[in-house]
Amino acid sequence: MSLINTVPETVVTTKVDDLLNWSRKSSVWYMLFGLACCGIEMMQTGGPRSDLDRFGAVPRATPRVSDLIIVSGTLTLKMALRTKLLYEQMPEPRYSISMGSCANCGGLFQLAYSVCDGVDKVIPIDVYVPGCPPRPEALTEGLLKLQAKIQQERWLVRKPDGAAAA
Amino acid sequence: MDADGIHRALREKFAGAVDPDWVAGEWPIVTVGSASVAEVCRLLRDEPALGFDCLSNLSGVDRKDDDRIEVWYHLLSYRHRHQVALRTTTPRLDPVLPTVSHLWPIANWLERECWDLLGVRFVDHPDLRRLLMPEDWVGHPLRKDFVEPDEYHGISTRRESLLKL
Amino acid sequence: MSHAIDIDLHREGPGGLETEEMTLNMGPQHPSTHGVLRFVVKADGEVMRRAIPDIGYLHRSIEKIAEKVGYHGFMPYTDRVDYVSAMQCNQGWAMACEKLAGIEVPRRGEYCRVIASEFGRIASHLISVGATGMDMGAITPFTHAIREREYINDILEELCGARLTFNYMRIGGCAWDLPPGFAKRAIAYLDRFEPLIDEYDELISFNKIYVERLANVAPITAERAISWNLVGPNLRGSGVRYDVRRDVPYSAYPEFEFDVPVGTGERGTLGDCYDRYMVRMREIRQSCRILRQALEGIPAGPVVAKVPRTFKPAPGAVHVRVEASRGDMGWFAVSDGTAFPVRVHIRTGSYAAMAAIEELSKGLMIADLVAVIASLDIVAPEVDR
């Protein structure tokens, strides 16, 4: 007897992990964290033409309710300590996108004395978006890459060594 | 008032402190002794015919080869639509200048910036703290011999550079 | 038996209760501080005793980099001095170098610069106006402003290939000529855009809530504005008719007709937040006027003068001023005859505005601090550089 014939058509069978990931990836709320030039492009990505809202990503004002931190722009040493604090305030599961060359590796400002060359020295990064500054399309692509990453996570099955996969 | 008149007015009051020569240009440059900068500025602001009501810019320049620090004051008069640049020098080892922050409020921040980046100490400044760099930063970064520290609060400032300059 | 209440109700404060000064931290991550700005607010209840700005969170040592990369190489960095309207920063640096070396820019080059700068000014004022709306709690004007900004980005992208950090100008002129048919498309856009300014006016400028939020808040007299070195729309909002484009003419600006709008205190006191806002709205119209004249009257010829690749100006110091979107931007450059400048110092409009906030905030409500920041149009990289 097939399972398909026993349940009505309105019922969908799926795995719990897939359901969790699907709902998580469809509501990635990002924190408004415009540091520098890329912050303007991030605003325009959220604006009417690129409309990041289509992918369930809406801007949030505080780290306490955000799932995603988009580090958009040059991270100075003075700001780096604050960024770490902000990241630690975000609830798990939390994700991070490094937007633009400055956040990726220091970019143009590698010569500077006051700039932290890469945000990955301070917080872990999931997706790096290149560009100076990246176009809205590039940031959207970055978000889609992050969603693909979220979809593959395993929450219920533990790895053999006992550590939770995520 | 034209540049010659401004210079003459300054020479009348401060014959010893103001250089007898001035350089023509969009901003006529008058060289002033470092000790009397504040009095010269007060005259420039308060004398009705001069009327410099705005300090447009204050920049320090590190002249390492001559072992001195130059400070430039760009003054502007909205009333009379004329302008002048004052130039003064102070020894590099212990740069000290009188403050002008009581004359123009904007000088407060411009002098703090000059202290922060070049280490020029402004005597009688009400609040001479670092402006741009963190409070615990060591050194004055716009000095020519400033060496970037290897790390700041555990964050390394080195990265394999792709730019070869 | 009742205990005597150990509070003297008439000791301090208008309400009779002793109040304690409260210290609030605003920023550096805050949705309405226009980038990474931080204020330490000393407040008595809802009333601020003062708001102390703490800057430097975006200090990228641009001035030191200038000493390392040379005159030509510094041009991309000037974009990042004020990324909201990068064109005028390009122009400021180019003009400083040209003055050091005595280079004459071809007339078509000057026209291209004016066209690029004025489009940049419109785009910048749109962000400012939209963000003021958003800070006052209205999201709609922001989306309208961003929508139009995207079209201007398209035009500038056609001109120089970038949306935000243009790197368009060169020492001696501009990098590229206008693409074929550019003038026609730009004028077609202006034809569509200009009626929209009236739409914005109806949408927010004359909206009662909006006016109430901005009028009579933090008025600045002309004398105070000048002594604080406020420039650009902030100075003109206080009624001082001073525009570097008109009063210290540079580039091709003397050839165009345009007005310099000033605040009149139309909805409250002279020099309040509403005046500063309205000056920006009116400047958008004036920029459109300049653009039409420039696009129609652009002369033929080359756009860039011959400048040697190893650029070594004579020793000397220059201070040039351009009217950027946030006002009179001063570029101070010192040369010693080598290929690298000794010192570059950039005096910007937001820097002065930020310095003024500490005095300006005394006695204001905490909620008005956001209105003050928005109306002064502070952009963080300009403050910190």
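Being a predicted model, the structure only gives us computed values, none of them experimental.

## Examining the sheet that holds strand 3 (residues 47-54) of chain C
Across a sheet, paired strands are connected by hydrogen bonds in the backbone, their directions being either parallel or antiparallel. Residues and elements named next belong to chain C. Taken in spatial order, the three strands make up an open sheet running 1-2-3, and their pairing is antiparallel. Here the strands that pair on one side only, and so sit at the sheet edges, are strand 1 (22-26) and strand 3. On average, each strand axis in the sheet is tilted by 20 degrees relative to the strand beside it, whichever way the strands run. Direction of pairing for strand 1 relative to strand 2 (residues 38-44): antiparallel, over a ladder of five bridges. Note that in strand 2 the partner of L24 across the bridge is V41.

## Topic: the interface of chain A and chain C
Facing 33 residues of chain A, the contacting portion of chain C comprises 37 residues. When chain A packs against chain C, the two sides together hide about 3,100 Å² of surface, and 62% of this comes from carbon and sulfur. On inspection of chain A and its partner chain C, the count reaches five salt bridges. A salt bridge links E157 of chain C to R135 of chain A, with the nearest nitrogen and oxygen atoms 2.6 Å apart. Seen at the junction of chain A and chain C, the total is 15 residue pairs in polar contact (both at pLDDT 80 or more).

## Examining the interface of chain C and chain B
Each side of the interface is counted separately: chain C has 36 residues, and chain B has 36 residues. Overall, the association of chain C and chain B removes approximately 3,200 Å² of surface from exposure, summing both partners, and the carbon and sulfur fraction of that is 58%. In terms of surface lost to chain B, no three residues of chain C exceed I226, H319 and Y351 of chain C, which account for 18% of the buried area on that side. At the boundary of chain C and chain B, one finds four salt bridges. K144 of chain B is paired through a salt bridge with E67 of chain C; the nearest N and O atoms lie 3.1 Å apart. Where chain C meets chain B, there are 19 residue pairs in polar contact (both at pLDDT 80 or more). Listing elements by their share of the side of chain C that touches chain B, those giving two or more residues are helix 1 (62-73), helix 8 (222-227), strand 6 (316-324), strand 7 (327-335), strand 8 (343-347), helix 12 (349-360) and helix 14 (380-384) of chain C. Classifying every residue of the side of chain C that touches chain B by side-chain character gives 19 nonpolar, six polar and eleven charged.

## Focus on the environment of F14 of chain B
Its location among the elements puts F14 of chain B in the loop between helix 1 (3-13) and strand 1 (18-23). The sequence separation of F14 of chain B and V40 of chain B amounts to 26 residues, and the corresponding C-alpha distance is 7.6 Å.

## Observations concerning the pattern of salt bridges
With the rule as written, the count across this model stands at 61 salt bridges over all chains. One salt bridge connects R94 of chain A with E92 of chain A, and the closest N-O pair in it is separated by 3.8 Å. Accessibility expressed as a relative area gives 63% for E92 of chain A, which makes it exposed. Of the charged contacts in the structure, one is a salt bridge between R121 of chain B and D94 of chain B, with a shortest N-O distance of 3.5 Å. Here R121 of chain B, found in strand 7 (residues 121-123), pairs with D94 of chain B, found in the loop between strand 5 (82-91) and strand 6 (96-98); they are 27 residues apart in sequence, far enough to count as distant.

## Focus on the packing of helix 3 (residues 107-118) of chain B against helix 12 of chain C
Put simply, helix 3 of chain B and helix 12 of chain C touch, their axes get as near as 9 Å, and they point 110 degrees apart. By the angle class used here, helix 3 of chain B and helix 12 of chain C are roughly perpendicular. Mapping the contact onto sequence places W109, L110 and E113 of chain B in helix 3 of chain B and Y351, M354 and A355 of chain C in helix 12 of chain C. Broken down by class, the residue content of the contact of helix 3 of chain B with helix 12 of chain C amounts to five nonpolar, no polar and one charged.

## Quick look at the nonpolar core
Counting 214 residues, the largest nonpolar core has L55 and Y73 of chain B together with F39, W93, F119, Y168 and W331 of chain C as its most contacted members. The contact partners of Y168 of chain C, leaving out residues within four places of it in the chain, are M87, N90, C112, A116, L159, C160, C174, A175 and W176 of chain C. In terms of nonpolar packing, the next biggest core, distinct from the first, is built from 17 residues, V28, C38, M42 and L143 of chain A among them.

About the criteria used
Residues numbered from 1 in each chain as written. Chains lettered and ligands numbered in written order. Predicted model: local features only at pLDDT ≥ 70, side-chain atom pairs only at ≥ 80, totals over all residues. Heavy atoms only, no water. Pairing = 2+ DSSP bridges. Helix = DSSP H or I, 4+ residues; strand = E, 2+ residues; numbered from the N terminus. Axes fitted to C-alpha atoms, helices over the stretch in contact; angles between N-to-C directions. Contact = heavy atoms within 4.5 Å. Buried area = accessible area lost by both parts, 1.4 Å probe. Salt bridge = Lys/Arg side-chain N within 4 Å of Asp/Glu carboxyl O. Polar contact = N/O pair within 3.5 Å; in protein donor to acceptor, adjacent residues only side chain to side chain. Nonpolar A, V, L, I, M, F, W, Y, C, P; charged D, E, K, R; others polar. Buried < 20%, exposed > 50% of the residue type's maximum accessible area, 1.4 Å probe, protein only. Parallel < 35°, antiparallel > 145°, perpendicular 65-115°, else oblique. Core = buried A, V, L, I, M, F, W, Y, C linked by side-chain atoms within 4.5 Å.

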